[in-house]
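# Close look at the chain arrangement
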Amino acid sequence: MSNPTNLRPLRARQKKNQRQQMAWAKEEETGQLRFVGELPRIRTGLKCGCVCYGCGERLEAVNAGNPEALITPHFRHKELPDSGMCSQTVSKILLRTELEALKALSLPSRQVVVAQQGLSGREYKASRLRPARHLVVNDVVMSSDVEAVLLLDDGSQLIVRLSGKLEVSDSGALTPTIHIQSDDPLVASLTPEKLRERLSVLIGDGLWTGPDIDSGFSDEVAAEARQAALSALDLVPEEAVPEIGRTPARETLLHWTAKEILHQMDCLDVPGIWVPWKDGYSRSGLTHKDCEVDATTLDLKDIRLETRVGRTRPDVLAEAKGDPGHIWNGSLAIEVTVSNHIDAERMVRIEAENIAFLEVDLSGDDRAINYDLLYRILSRDSDRKHWLFHPGTAILQRQVLDHVEGGLFTTTDRELAVRFEELFVQQSNHPYYLLPNIPMDQTLATIENELQRVGRELEKRDYVGADVLKHRGILTRPLQRLFTMKRNEVVGYRLDSIWQVVNAILGDMENSSSRKFHVHYHLALQTYKPLLANSEAVGRVKVWRDAVANGCRKPEDQYYPNTRFNPFLGLLFPELSEKLKWRPRAAHG
């Protein structure tokens, strides 16, 4: 389309009620569009050589090239009046021609709305205003008489479709499309400058169908709509599809989501544990608080899903750590209940595993639970959690009973060992055992009662031999000899020196059970290095040590060690604990 720079201005004056005039026509000789303002005066009337685009009839150029004309220059039909359809046809042709020459495009802001349908049928909509954009058009391809494909500088495409009316549907268009109204007769009367302005307005006001021109922007809005459905637990995440499908029941999706949340947690609030209160507890100074362990937050490690534990398979299995450790530390199984509650048969299997089993009850009004609420329930809310079984309850019960009986439960193994040594030495050195005709007194009775209590607690902790009264005659003399070397003072003998105690060891009868502890004495002499009398004593000890070393290889050897009590002896004599792990090797013959 020509675009001369010396066009004569057209006056906007028209007679009242006059039909919309056409300023454009087709030049019969060249077939090109001609603007009436381009024609010189000599081409007025039928000399214009133009025909109508709409009906093909010859046109007259009224006031062509006349700057003084009172009536605006225009084209009119020679024989047939313009019914309006011709102007509409010219309008469409003009807009199409302008589209072909388009070099830049200003698009106004657009509200992008995307809806995501959830499993419940509810729609989750997301809306965002895409800002206005100025685009450079690299090329225009007319795919038909009424459609232009604009190739933009960012590599995207935009279709501009000329429509007689704007009542169109999306119909699944894959390319961004703007429908603009092209049958407005006013367009046929516009100058080239006004025509370009009009095209820009029509595009801006056009009806959009198909995706947004900025697909990334639309994808972001779609992601917001999808996230809204996911947050409402009304849509299945892609990673869950292989396990529960795309259209599971609400309970199934809730259960799956709960497990995934727990799988990612590093800490968890849990309810406390308690043991029943008995009236007699108050007489021992106990309070209700002593029968409870408060709710706490557990640190979780090594979290696994659907891992078998014996005859049961909990939803989640983790290693828990909390304070106090003797109650909370250990394996933690978690069951998420939505509709199927734990029956009696499964409770038996759970209790048999002797590990903590926590139930999270999501039954009831599960439709009101969204992702955020579910996360709070699982991580913080203890009202929906209760213990199916917790081994700490038995520990707490023992702790309460121990308090009633005198209180040793919370004492560490090492503290008990120190207490045992103190009591044992006091008992062994009491005159009742060292001197004749000395009666048992209350002091010794108290010492022995306490020693037995400490020994029984250690035996509960798998230290065999700690209840020395039960094992009297087996460990009493060996312990007295070992403590003599450790403390560098005589324990349990009416003797004056450590050498005399060692000499008593050397005098043990051949093949007696006492010789089964000579390896222990040998290790104690090496480790504690007690003072011996003289070089002669040192020499005798060396001969004895060699005999022990050579006579402890086989079970039938007289010095073959009794290792049954080694864990207990290692606790009492920590400096020997590693050496007591030694086992004799059979001699090679």
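A quick note: this is a predicted structure, and the numbers were derived from the prediction, not measured.

Moving on, we come to the sheet that holds strand β3 (residues 50–51). Read from one edge to the other, the open sheet built from 3 strands follows the order β2-β1-β3, with strand pairing classed as antiparallel. The open sheet has two edge strands, β2 (33–35) and β3, and neither has a second partner. One ladder, built from 2 bridges, connects strand β1 (residues 24–27) with β3; its direction is antiparallel. In the strand pairing of β3, E27 is matched with C50.

The next subject is helix α7 (residues 344–353). Among the residues of α7, R346, M347, R349 and I350 are the ones counted as buried. Down the axis of α7, the buried side of the element spans an arc of 160°, and every buried residue falls inside it. In α7, the exposed positions angled more than 90 degrees off the buried face are occupied by A344, E345, V348 and A352. Lining the buried residues of α7 we find β19 (330–337), β20 (356–361) and β21 (385–389).

Next up on the list: the confidence of the model for the protein chain. Summing up the model confidence of the protein chain, the mean pLDDT is 82 and the portion of residues at 70 or higher is 87%. The low-confidence segment residues 1–18, where pLDDT is below 50, has 35 contacts with residues more than four positions distant or belonging to other chains. Taken together, the stretch residues 165–172 has pLDDT below 50 and engages in 10 contacts with residues farther than four places along the chain or on a different chain.

If you look at the biggest cluster of nonpolar residues, it comprises 45 residues, and the most contacted ones within it are F420, L458, L479, W544, F568, L572 and F573. Every element with two or more residues in this core is listed here: α10 (413–428), α12 (442–460), α13 (476–487), α14 (498–506), α15 (518–528), α16 (535–550) and α17 (566–572). Among all residues touching L458, those that are not within four sequence positions of it are D413, L416, F420, Y463, A466, F568 and L571. Ranked by size, the runner-up nonpolar core spans 40 residues in total, among them F35, C50, C52 and A64.

Below, the discussion takes up α12. Between its first and last C-alpha, α12 extends 27 Å over 19 residues, near the 27 Å set by a 1.5 Å rise per residue. All of the buried residues in α12 are L444, I447, E448, E450, L451, V454, G455, E457, L458 and E459.

What follows is about the packing of α15 against α16. The geometry of α15 relative to α16 is characterised by a closest axis approach of 10 Å and an angle of 130° between their N-to-C directions. Regarding the angle of α15 to α16, the classification is oblique. Read as a crossing pair, α15 and α16 show a hand that is left-handed. Touching H518, V519, Y521, H522, L525 and Q526 of α15 are V541, W544, R545 and V548, all from α16. Residues belonging to the contact of α15 with α16 are distributed by class as follows: 6 nonpolar, 3 polar and 1 charged.

Here the focus is the packing of aromatic side chains. Taken as a whole and judged by the stated rule, the model has 7 aromatic pairs. Judged by centre distance (5.2 Å) and plane angle (85°), the ring pair of F420 and F568 falls under edge-to-face. Of the two residues, F420 sits in helix α10 while F568 sits in helix α17, which places them 148 residues apart along the sequence. With a relative accessible area of 0%, F568 lands in the buried category. Between F483 and F573 the ring centres are 4.8 Å apart and the planes differ by 45°, which places this aromatic pair in the tilted class. Taken together, the residues span a long stretch of sequence, with F483 in helix α13 and F573 in the segment after α17 at a distance of 90 residues. Here the aromatic residues F420, F424, F483, F568 and F573 are joined through ring pairs into a cluster of three or more.

Rules behind the numbers
- Residues numbered from 1 in each chain as written.
- Predicted model: local features only at pLDDT ≥ 70, side-chain atom pairs only at ≥ 80, totals over all residues.
- Heavy atoms only, no water.
- Pairing = 2+ DSSP bridges.
- Helix = DSSP H or I, 4+ residues; strand = E, 2+ residues; numbered from the N terminus.
- Buried < 20%, exposed > 50% of the residue type's maximum accessible area, 1.4 Å probe, protein only.
- Arc of directions from axis to C-beta.
- Contact = heavy atoms within 4.5 Å.
- pLDDT = per-residue confidence, 0-100.
- Core = buried A, V, L, I, M, F, W, Y, C linked by side-chain atoms within 4.5 Å.
- Expected span 1.5 Å × (residues − 1).
- Axes fitted to C-alpha atoms, helices over the stretch in contact; angles between N-to-C directions.
- Parallel < 35°, antiparallel > 145°, perpendicular 65-115°, else oblique.
- Left-handed = near helix turned anticlockwise from the far one by under 90°.
- Nonpolar A, V, L, I, M, F, W, Y, C, P; charged D, E, K, R; others polar.
- Phe/Tyr/Trp six-rings, centres within 6.5 Å; stacked < 30°, edge-to-face > 60°.

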